[in-house]
Structures are given as C-alpha cells and as structure tokens.
Amino acid sequence: AVLLIAAGLGGFAFMSRHLAEPGGSGVALVGGPFSLTDQDGRRVSEKDFLGRHMLVFFGFTYCPDICPTELQVMMAALDAMGPQGEQIQPVFVSIDPERDTPEVLKSYVENFGPRLIGLTGTPEEIAAVAKAYRVYYAKAGDQTSPDSYLMDHSSIIYLMGPDGRFMKHFPYTTDVAKLTAELKEAVTASP
C-alpha cells in the first residue's frame, strides 16, 4: 500500500483543527453509528462494543506492508498490557469491500490472534463508516484486474472509549512500547 504522508501523518494538524465540534466544545467528531458484517458473517454495530474500549484500524487484506505492520503493533501492545489489555477490543475495518468478504477477513484476522475482529460491508456501508472516522481511502494502481490494484488510505489507529466516543489517535509511526504505555494510561483514566 502507499502510505499517504499528508493523510496519515501531516493530517493531524488538520484533525486537530477540524474534528472538534463547532462552538469549541472540544469533543472530537470521530466515530459514530455503523452497521457492518464481521468475519463470521454476523451483523454488528457500534452498540455491540459499548462497555469496552475499541482500538480501530482501517485497511485491506491485500495490503503488502502497512496494514499487517499496524495490526501486529496493535496486537503486541494489547498483549504487553496483560489483563488490562482485555478491556480493549481490537477491530480491523476493511476499506476494500469488493475483495474483503467475511471469508477473506476470517482467514486474514486469524493471522493476528483470536481477539481481532474484522469488519466489512457494502461499498456504501464502508463509505459511511470511513466518513464517520474521517478515513481517506481510494483505489490506486491498475484497476482493470481485481487482484492488481492497491488501496491508498490514511493509517491511523483510533482508540474509542467504552461509551463509543473518540478518545485518542495514534499515527503510523507509533511503536509497540509507546502504544502500550498510552493505552494503559487511557484505560486507567477511563471511568
């Protein structure tokens, strides 16, 4: 995949200016209602995750480098947290619904351990959840063959609180030690 520096890293200045509610309340406008299909073919929504933190990453299973790297970092950080990591549900949302069927997702997420949930949906459902999370994505490369295109996408990990609200984001460059420490701090501070 092509890492979009402007969207993945430089976009944080944009996020800090444009993701807060009008009127200065300081509440981030990231996340919201969604209805998607998990790797077992079950319909799930944001309500299914209430009461637990969610660690959310958007990507695609054909991604050659960024997505598997980020998922490995996420899972290693949760493992490093020990029992406290059980309070966080890792979630991978596909931005490539044409290829990432529930069956494909099931095979893919198993590579990262039994805790990771993979979500997909129709192109319209994915567009809606990507918009809610302020995720950029687009097909890139040779689009004439279903196996030859890649997806450009922002590479941000989102931490959502037990109430479903945005808490924090982590850029692509966040390593396991830093992610572990910041997740521990966030979970400890949550009511």
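Residues numbered from 1 in each chain as written. Predicted model: local features only at pLDDT ≥ 70, side-chain atom pairs only at ≥ 80, totals over all residues. Heavy atoms only, no water.

(A) Broad picture of the side chain of Glu70. Relative to the assigned elements, Glu70 resides in helix 3 (residues 66-80). With no salt bridge to any partner, buried Glu70 finds its closest opposite charge in Lys178, at an N-O distance of 13 Å. (Helix = DSSP H or I, 4+ residues; strand = E, 2+ residues; numbered from the N terminus. Buried < 20%, exposed > 50% of the residue type's maximum accessible area, 1.4 Å probe, protein only. Lys, Arg positive; Asp, Glu negative; His and termini not counted. Salt bridge = Lys/Arg side-chain N within 4 Å of Asp/Glu carboxyl O.)

(B) Examining the packing of helix 3 against helix 6 (residues 176-189) more closely. Closest axis-to-axis distance for the helix 3/helix 6 pair is 8 Å, and the angle between their directions is 55°. It follows from the interaxial angle that helix 3 and helix 6 lie oblique. Between helix 3 and helix 6 the crossing geometry is right-handed. For the pair helix 3 and helix 6, contact is made by Val73, Met74, Ala76, Ala77, Leu78 and Ala80 and by Val176, Leu179, Thr180, Leu183 and Lys184, respectively. Partitioning the contact of helix 3 with helix 6 into residue classes produces 9 nonpolar, 1 polar and 1 charged. (Axes fitted to C-alpha atoms, helices over the stretch in contact; angles between N-to-C directions. Parallel < 35°, antiparallel > 145°, perpendicular 65-115°, else oblique. Left-handed = near helix turned anticlockwise from the far one by under 90°. Contact = heavy atoms within 4.5 Å. Nonpolar A, V, L, I, M, F, W, Y, C, P; charged D, E, K, R; others polar.)

(C) Expanded view of the pattern of salt bridges. The full count for this structure, using the stated rule, is 7 salt bridges. The salt bridge involving Lys178 is made with Glu182; its shortest N-O contact spans 3.0 Å. With a gap of 4 residues between them, Lys178 and Glu182 both fall in helix 6, about one helical turn apart. Judged by relative accessible area, Lys178 falls into the partly exposed class, the value being 45%. Judged by its relative accessible area of 17%, Glu182 is buried. Here the salt bridges do not stand alone but share partners, grouping Asp38, Asp40, Arg42 and Lys106 into one network.

(D) Fine view of empty space enclosed by the protein. With the rule as written, the count across this model stands at 1 cavity of 30 Å³ or more. One number sums up the size of the largest cavity: a volume of about 30 Å³. Lining the largest cavity we find Phe34, Met54, Val56, Phe58, Val91, Val93, Leu119, Val129 and Tyr133. Listed by contribution, the elements that provide at least two residues to the lining of the largest cavity are strand 3 (53-59) and strand 4 (88-94). For the lining of the largest cavity, the element with the highest residue contribution is strand 3, accounting for 3 residues. Residue composition of the lining of the largest cavity, by class: 9 nonpolar, no polar and no charged. (1 Å grid on protein atoms, 1.4 Å probe; cavity = no way out; pocket = protein on both sides within 12 Å on 5 of 7 lines; lining within 4 Å. Points joined across faces, edges and corners; volume = space filled by probe spheres on them.)

(E) Spatial organisation of the packing of aromatic side chains. In the structure shown here, the tally under the stated rule is 7 aromatic pairs. A ring pair is formed by Phe58 and Tyr158, whose centres lie 6.3 Å apart and whose planes are at 90°; its orientation type is edge-to-face. Note that Phe58 is positioned in strand 3 and Tyr158 in strand 8 (residues 156-160), a separation of 100 residues in sequence. The pair formed by Phe58 and Tyr158 is uniform in burial state, with each residue classed as buried. Taking 5.5 Å as the distance between ring centres and 40° as the angle between the ring planes, the aromatic pair formed by Phe92 and Tyr108 counts as tilted. Remark: Tyr108 occurs in helix 4 (residues 102-109) and Phe92 occurs in strand 4; sequence separation between them is 16 residues. A relative accessible area of 0% places Phe92 in the buried class. An aromatic cluster of at least three residues, connected via ring pairs, comprises Phe58, Tyr133, Tyr158 and Phe166. Over the ring of Tyr62 we find Arg99; its NZ or CZ atom is 4.0 Å from the centre of that ring. (Phe/Tyr/Trp six-rings, centres within 6.5 Å; stacked < 30°, edge-to-face > 60°. Lys NZ or Arg CZ within 6 Å of the ring centre and 35° of its normal.)

(F) Up close: the nonpolar core. Counting residues in hydrophobic clusters, the biggest one holds 52 residues, and the most contacted among them are Leu55, Val56, Phe58, Val93, Tyr133, Tyr158 and Leu183. If you tally residues by element for this core, the top one is helix 3, at 8 residues. The contacts of Val56, once residues within four sequence positions are left out, are Val91, Val93, Tyr133, Ile156, Ile157, Tyr158 and Met160. (Core = buried A, V, L, I, M, F, W, Y, C linked by side-chain atoms within 4.5 Å.)

(G) Structural context of unusual backbone geometry. The phi dihedral of Arg134 is positive, around 60°, even though this residue is not glycine. Checked against the element boundaries, Arg134 lands in the loop between helix 5 (123-132) and strand 6 (137-141). Since its relative accessible area comes to 36%, Arg134 is described here as partly exposed.

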